[in-house]
Amino acid sequence: MYGWVGKILYVDLSKEKIWTEPLTEALGKKFLGNRGINAKILWDLVKPGIDPLGPENVIIFGTGPLTGTTAPSSGRVTVTFKSPVTNLFFKTNVGGHFGAELKFAGYDHLVILGKAKKPVYIWIDDDHVEIRDASHLWGKDVRETDKIIKEDVGDKDIITVCAGPAGENLVYFASIMASVYNAAGRGSGGAVMGSKKLKAIAVRGSGQVEIKEPEKFYETALDVRKKLSQDSGAISLHLYGTSGSVAAVNELHAFPTRNWQLGHTDKIEYLTGQYLVEQGYLVRRVACFGCSIGCHRYVMVKGGKYAGTFTGGPEYETFSALGAGPEVYNTEAVIKANELCNILGLDTISTGDVIQWAMECYERGVLTKEDTEGLDLSFGNEETLLELIKKIAYRQGKLGNLLADGLKRAVEKVGKDSWKWAMFNSKGLEQSRVDTRVAKAYSLAFAVNPRGPDHLHTETFAEFGASPEAVELIEKLTGDKKWASPYYTEYRPEIVRWHEDCYAVTEAMGICVFTSTAAYAVNPANMAEMFSYATGIKMTEEEIMFAGRRIVTLEKCFNVREGADRKLDDLPWRMMHEPAPTGPGKGLVNSPEELNKMLDRYYELHGWDKETSWPYKETLIKLGLEDVAKQLEKLGRLPKKTVKK
Amino acid sequence: MEKCTGCKVCMLACSFTKEGVFSPMKSRIWILREESKSMFVPVVCEHCEDAPCQVVCPVGAIYRDHEKGIVLIDESRCIGCRECMWICPFGAVQLNLEKRVAVKCDLCNGDPECVKVCIPGALQFVSAKRPTATKGWERALKRSKALEMEVG
């Protein structure tokens, strides 16, 4: 097989059985790979209504048809499962070197079913796959786990993914860590691994990826790489990482601060990628497999109270979530908090959202010293921030346990309007650090995101019009350059839908979305070209985007099957009811009226029913999802009306 | 070595150029990554002046191309005994598991593919006449920084 290596590896931890099934060309053509095929496998294997932390859940790691090739930034893996946080569909995408290694071992996808009786890890050495005892790894942090497995195997070049103590303790925002410092952060995949008693997966691959038209592929991929290397967005990502944009977002008063009470801080300097470089914290710029951008960074604190702290990051999200959010402006403390989250296996976004919510509860007197067991939860208290991270990961004490359950569950216990300043929406996920009040396409994308309110399902960066390529794209989608401004609500549904498709295609290829929706050097046309040369299956730009739509729709249908409807497509209360306090977007809010208007148009564009948000039968059939339509029909989850012409 | 991001695209470019497939195992340059030490080091043939691999090769398959100044392996004479692999102080010689012969970097006839794809510029192909020229210049500029700032 070309492009794909043609095998899906299944490991059933309950039955202790390991087998492979072929990845057929028909499946590849329909769902492309990575995120797309993952969604199809999840749809087929997970029955509606199951407990995400029970043995019926599955966790799928997917590589793409371009993984392990010179296609730009093609080292991404999608991890898909039913999330314990939302009880809905979840996919989380991660870099590092695991994907390429898995593919070189001979597998496009790895599907894990069941639940082990005692802690185990999976060792994949090409054709040799083994479920191994992990009792010596249980309780170990991410760094230790990686080190011990490498010693066990006797090879330092193998790649691991693992859950940290937070995953073992079923924290509702436990991440899966790959190649030590890369996080499949959101949705609590770490707890799904923990519930399966699966500590880690280690892989060594010595195989190869074959290409149908090697010369043409190599040349095209090299051209795109060169284009990417000259893109201003990509250059900035290499120099300063995602946190290079912090100061600019702060200028727009859109940098969530003090639990989203503010969008701006005067102390921003200490929370920027530029500061990390200038002050010598940066020790290396790091790339995922095959990536010419290299936006990841390793940082180290060399002196003072936090001397010896070493970690990947802090990213934009982390600087907001663990810096401005709790108002901790000491760079070194934020690096320390980031390190703790990374090695304990916690999602920095949700960890930050939960802690600053607790800080606001404390400020408002809703949580008292009695509830916090003596901890001073004032904003700006860095000792508290660090202490709470540990308490959450190990579920220590009353407060640690409360916060480890995530916002959705915590507000139920605390009550007293505390949900009003808790940054999660009806799906239950904590919001990532974008002020959607002043970025309207983002607000729509966040509301309809099947995972919950974050930017990692569809990013609509182009609406800011920050580069000539972005403006050009907005013109193409809306007919006029003037719509390249985040304050407009017009044409946002059109912008979101294009980005959804493009995002899905990019991830399905195994490529990083930074290349196609932050930088624009990678686009549907050159992805179609690379895909065609790699696999030998000719696809046009339109056809590949149509496959993207199919993936997006299938993921939506998973939620419909679980009982989700339009009511879940909303935003946190604070975004919908409290106007932005300062800045150029002062007074803007994601009012229900505004959001509803965009939602109507969005559903209409998709061929989904406005009342329920469910896809029409005709829409599903047009996308080649007849089986999905049949299942939903049986469950009574197809809209009664038909498509309006 | 400070510039290497550990992306390993050099390994893919190498295996593609030499073997026609994407396979790090078949690469003649190897990137070692040690996350906890932030240590990313490329391992590749250094084309030693007094090459131990050439000395130990029992069949004379390893020779020096004096014109180009590089050490090469004649695959048709190699018997796959692995002596060169063990003696190489850098670990830069591999056994090609299909051809069962020793392989290593031959600098792509003076135009190495790995250098072409290394966007961070960690891999460079420099003249043998003064290979340390760049380093010398960097150091010189650093030492004369005060003056440079005054003038420029």
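Conventions and cut-offs
Residues numbered from 1 in each chain as written. Chains lettered and ligands numbered in written order. Predicted model: local features only at pLDDT ≥ 70, side-chain atom pairs only at ≥ 80, totals over all residues. Helix = DSSP H or I, 4+ residues; strand = E, 2+ residues; numbered from the N terminus. Contact = placed C-beta atoms within 7 Å. Buried ≥ 20, exposed ≤ 12 C-beta atoms within 10 Å, placed from the backbone. Pairing = 2+ DSSP bridges. Domains from an automatic or database assignment. Nonpolar A, V, L, I, M, F, W, Y, C, P; charged D, E, K, R; others polar. Axes fitted to C-alpha atoms, helices over the stretch in contact; angles between N-to-C directions. Expected span 1.5 Å × (residues − 1). Parallel < 35°, antiparallel > 145°, perpendicular 65-115°, else oblique. Left-handed = near helix turned anticlockwise from the far one by under 90°. pLDDT = per-residue confidence, 0-100.

### Looking at the overall build of chain B
- When you go through chain B residue by residue, the secondary structure sums to six helices and six strands.
- From first element to last, N terminus to C terminus, chain B shows the α and β order α-β-β-α-β-β-α-β-β-α-α-α.
- Its C-alpha atoms give chain B principal-axis dimensions of about 60 × 35 × 30 Å.
- A sequence separation of at least 24 residues applies to 47% of the contacts in chain B between residues at least 6 apart.

### Some words on the pairing of strand S4 (residues 77-82) of chain A
Residues and elements named next belong to chain A.
- In terms of burial, S4 is largely enclosed, as six of its six residues are buried.
- Burial of S4 is two-sided: the residues Val77, Val79 and Phe81 facing one way and the residues Thr78, Thr80 and Lys82 facing the other way are all buried.
- Examined bridge by bridge, S4 and strand S5 (residues 89-94) share six bridges and lie antiparallel to one another. Bridge assignment links Lys82 to a residue of S5, and that residue is Phe89.
- Two successive antiparallel strands, S4 and S5, enclose a turn made up of six residues, where Asn87 displays a positive phi of approximately 60°.

### Overview of the domain arrangement of chain A
Residues and elements named next belong to chain A.
- Domain annotation for chain A reports domain 1 (7-204), domain 2 (233-421) and domain 3 (436-634).
- The centre of domain 1, based on its C-alpha atoms, is set 26 Å off from the matching centre of domain 2.
- Taken together, the contact between domain 1 and domain 2 spans 33 residues of the former and 26 residues of the latter.
- When residues of the side of domain 1 that touches domain 2 are traced back to their parent elements, those giving at least two are helix H3 (98-104), helix H4 (142-153), helix H5 (165-168) and strand S11 (182-184).
- In terms of residue count, H5 provides more of the side of domain 1 that touches domain 2 than any other element does, three residues in total.
- Tallied by class, residues from the side of domain 1 that touches domain 2 come to 14 nonpolar, 15 polar and four charged.

### With respect to the sheet that holds strand S15 (residues 310-312) of chain A
All names here are of chain A.
- The strand order across the open sheet built from three strands is S13-S14-S15, with neighbouring strands paired in antiparallel fashion. In this open sheet, the two strands that pair with only one neighbour each are strand S13 (282-286) and S15. Direction aside, neighbouring strands of the sheet carry axes that sit 15° apart on average.
- This element, helix H12 (residues 331-344), spans strand S14 (296-300) and S15 of the sheet and lies at about 70° to S15.

### Re the interface of chain B and chain A
- In this assembly, 21 residues from chain B lie in contact with 30 residues from chain A.
- No other element matches helix H1 (residues 9-19) of chain B, which puts four residues into the side of chain B that touches chain A.
- Here the side of chain B that touches chain A is built from residues that sort into twelve nonpolar, six polar and three charged.

### Describing the sheet that holds S11(A)
Residue and element names in this part refer to chain A.
- Strand order in the open sheet formed by six strands is S8-S7-S12-S9-S10-S11, and the pairing between neighbours is mixed. In this open sheet, the two edge strands, each paired with only one partner strand, are strand S8 (128-133) and S11. Recorded for the sheet is a direction-independent mean angle of 20° between the axes of neighbouring strands.
- Sitting on the sheet, H4 touches strand S7 (120-125), strand S9 (159-163), strand S10 (176-178) and strand S12 (198-204), and the angle it makes with S9 is about 135°.

### Some details on H12(A)
Residue and element names in this part refer to chain A.
- Counted at 1.5 Å a residue, the expected span for H12 with its 14 residues is 20 Å, and the 20 Å between its end C-alpha atoms agrees.
- In terms of burial, H12 is largely enclosed, as 14 of its 14 residues are buried.
- In the segment just after H12, Gly345 is the residue with positive phi, at about 80°.

### Points about unusual backbone geometry
Residues and elements named next belong to chain A.
- Omega for the peptide link from Gly313 to Pro314 comes to -20°, which places this bond in the cis form.
- By secondary structure assignment, the location of Pro314 is in the loop between S15 and helix H11 (316-324).
- Located in the positive-phi region is Ser73, a residue other than glycine, with phi close to 50°.
- Mapped onto the fold, Ser73 is located in the loop between strand S3 (59-62) and S4.
- The residue His253 is not glycine, and still its phi comes out positive at about 55°.
- Mapped onto the elements, His253 comes out in the loop between helix H9 (246-251) and helix H10 (273-278).

### A few points about the packing of helix H17 (residues 440-448) of chain A against helix H24 (residues 592-606) of chain A
Residues and elements named next belong to chain A.
- Between H17 and H24, whose axes approach to 10 Å, the crossing angle comes to 70°. In this view, H17 runs roughly perpendicular relative to H24, as classed from their interaxial angle. Between H17 and H24 the crossing geometry is right-handed. In contact with Ser443, Leu444, Ala447 and Val448 of H17, H24 contributes Leu595, Met598, Leu599 and Tyr602.
- When grouped by side-chain class, the residues that make up the contact of H17 with H24 number seven nonpolar, one polar and no charged.

### Observations regarding the confidence of the model for chain B
- Here chain B averages 88 in pLDDT, while 94% of its residues score no lower than 70.
- Interface confidence for the predicted complex, given as ipTM, is 0.91, next to a pTM of 0.95.

### As for the environment of A:Val513
Residues and elements named next belong to chain A.
- Within the secondary structure, Val513 sits in the loop between helix H19 (492-509) and helix H20 (514-517).
- Val513 gets classed as buried once you count the C-beta atoms within 10 Å, which come to 25.
- Distance in space between the C-alpha atoms of Val513 and Asp569 is 23 Å, their sequence separation being 56 residues.
- Each residue touching Val513, except ones within four places of it in the same chain, is listed here: Glu459, Tyr503, Thr506 and Glu507.

### Notes on the environment of B:Ile87
All names here are of chain B.
- For Ile87, the location among the structural elements is in helix H3 (residues 83-87).
- When the 15 C-beta atoms within 10 Å are taken as the criterion, Ile87 is described as partly exposed.
- Sequence-wise, Ile87 and Cys4 are 83 residues apart; in three dimensions their C-alpha atoms are separated by 27 Å.
- Those residues in contact with Ile87 that sit more than four places away from it in its chain are Pro52, Cys53 and Val56.

### Some points on the pairing of strand S1 (residues 30-34) of chain B
Residues and elements named next belong to chain B.
- Across five bridges, the pairing between S1 and strand S2 (residues 39-43) is antiparallel. When the sheet's bridge partners are listed, Arg33 is paired in S2 with Phe40.
- Counting the residues between successive antiparallel strands, the hairpin from S1 to S2 contains four residues, one of them, Ser38, with a positive phi of roughly 50°.

### Some points on H17(A)
- Across the nine residues of H17(A), nine count as buried, placing the element largely inside the fold.
- Taken together, the buried positions of H17(A) are A:Lys440, A:Ala441, A:Tyr442, A:Ser443, A:Leu444, A:Ala445, A:Phe446, A:Ala447 and A:Val448.

### Quick word on the packing of helix H14 (residues 382-393) of chain A against helix H15 (residues 397-404) of chain A
Residue and element names in this part refer to chain A.
- Contact geometry for H14 and H15: axes closest at 8 Å, N-to-C directions at 75°. One finds that H14 runs roughly perpendicular with respect to H15. Contacts between H14 and H15 involve Leu388, Lys391 and Ile392 on the former and, on the latter, Gly397, Leu399, Gly400, Leu403 and Ala404.
- The class makeup of the residues in the contact of H14 with H15 is five nonpolar, two polar and one charged.

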